[in-house]
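Tertiary structure, described
Here are the chains, one letter per residue:
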Amino acid sequence: QVQLAESGGGLVQAGGSLRLSCAASGGTLSTYYMGWFRQAPGKGREFVAAINRRGGDTRYADSVKGRFTISRDNAKNTVYLQMNSLKPEDTAVYYCAARWAGIATVWEVYNYWGQGTQVTVSS
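Described below are features of the structure shown in this document. Because the structure is a prediction, the values reported are computed rather than measured. (Residues numbered from 1 in each chain as written. Predicted model: local features only at pLDDT ≥ 70, side-chain atom pairs only at ≥ 80, totals over all residues. Heavy atoms only, no water.)

1. As for the overall build of the chain
If you tally the helices and strands in the chain, you get 0 helices and 11 strands. If you list the helices and strands of the chain from N to C, you get β-β-β-β-β-β-β-β-β-β-β. By the compact-globule yardstick of 14 Å for 123 residues, the chain fits well, its C-alpha radius of gyration being 13 Å. Per-residue burial over the chain gives 43% buried out of 123 residues. A fraction of 58% describes how many contacts in the chain between residues 6 or more apart in sequence connect residues 24 or more apart. Within the structure as shown, the chain displays about 6000 Å² of accessible surface, and the carbon and sulfur contribution to it stands at 46%. Averaged over its 13 positive side-chain charges, the chain has a centre that lies 5 Å from the centre of its 8 negative ones. (Helix = DSSP H or I, 4+ residues; strand = E, 2+ residues; numbered from the N terminus. Rg over C-alpha atoms; globule rule 2.2 N^0.38 Å. Buried < 20%, exposed > 50% of the residue type's maximum accessible area, 1.4 Å probe, protein only. Contact = heavy atoms within 4.5 Å. Areas by Shrake-Rupley, 256 points an atom, 1.4 Å probe, with all protein chains shown as cover. Lys, Arg positive; Asp, Glu negative; His and termini not counted. Charge placed at Lys NZ, Arg CZ, Asp CG, Glu CD.)

As structure tokens, this is what we get:
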């Protein structure tokens with residue numbers, strides 16, 4: 001069973017950038033489809049980005065398209081989320097997630113989750 005650990009969150013001013021990492025252990029990352037989700041206080045879990053096993057197919061929420069980039073390095077067992085041009089409304093806890101079968105944009109179908117990393121964007 002794979003374990004996921006996010007890192008790279010923090011406090012950044014609007015317009016700034018952060019890169020989140022999701023390190024996998026206890027399993028081979030290349031066998032999983034991966035996603036990033038976020039949850040702001042008082043709101044539900046929201047899809048951010050997803051990537052297939054080889055990295056050649058990606059999906060993005062409209063709210064982050066053109067600003068965020070998901071990528072993966074299977075040799076390092078790590079998935080990344082590069083976040084540029086950050087806005088205060090991007091403030092949330094960001095989670096990475098893994099699933100066996102197919103790229104997906106809904107959180108309910110993911111099987112494994114990390115603990116999350118806080119991203120706070122000040123105006």
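2. Details of the sheet that holds strand S7 (residues 68–73)
Hydrogen bonds between backbone atoms are what pair the strands of a sheet, whose relative direction is either parallel or antiparallel. Strand order in this open sheet of 4 strands is S1-S3-S8-S7, and the pairing throughout is antiparallel. Each of the sheet's edge strands pairs with one partner strand only, and the pair in question is strand S1 (3–7) and S7. Each strand of the sheet is rotated relative to its neighbour by a mean of 15°, with strand direction disregarded. The pairing of strand S3 (residues 18–25) with strand S8 (residues 78–83) spans 6 bridges and is classified as antiparallel. Across the sheet, residue cysteine 22 finds its bridge partner in S8, namely valine 79. (Pairing = 2+ DSSP bridges. Axes fitted to C-alpha atoms, helices over the stretch in contact; angles between N-to-C directions.)

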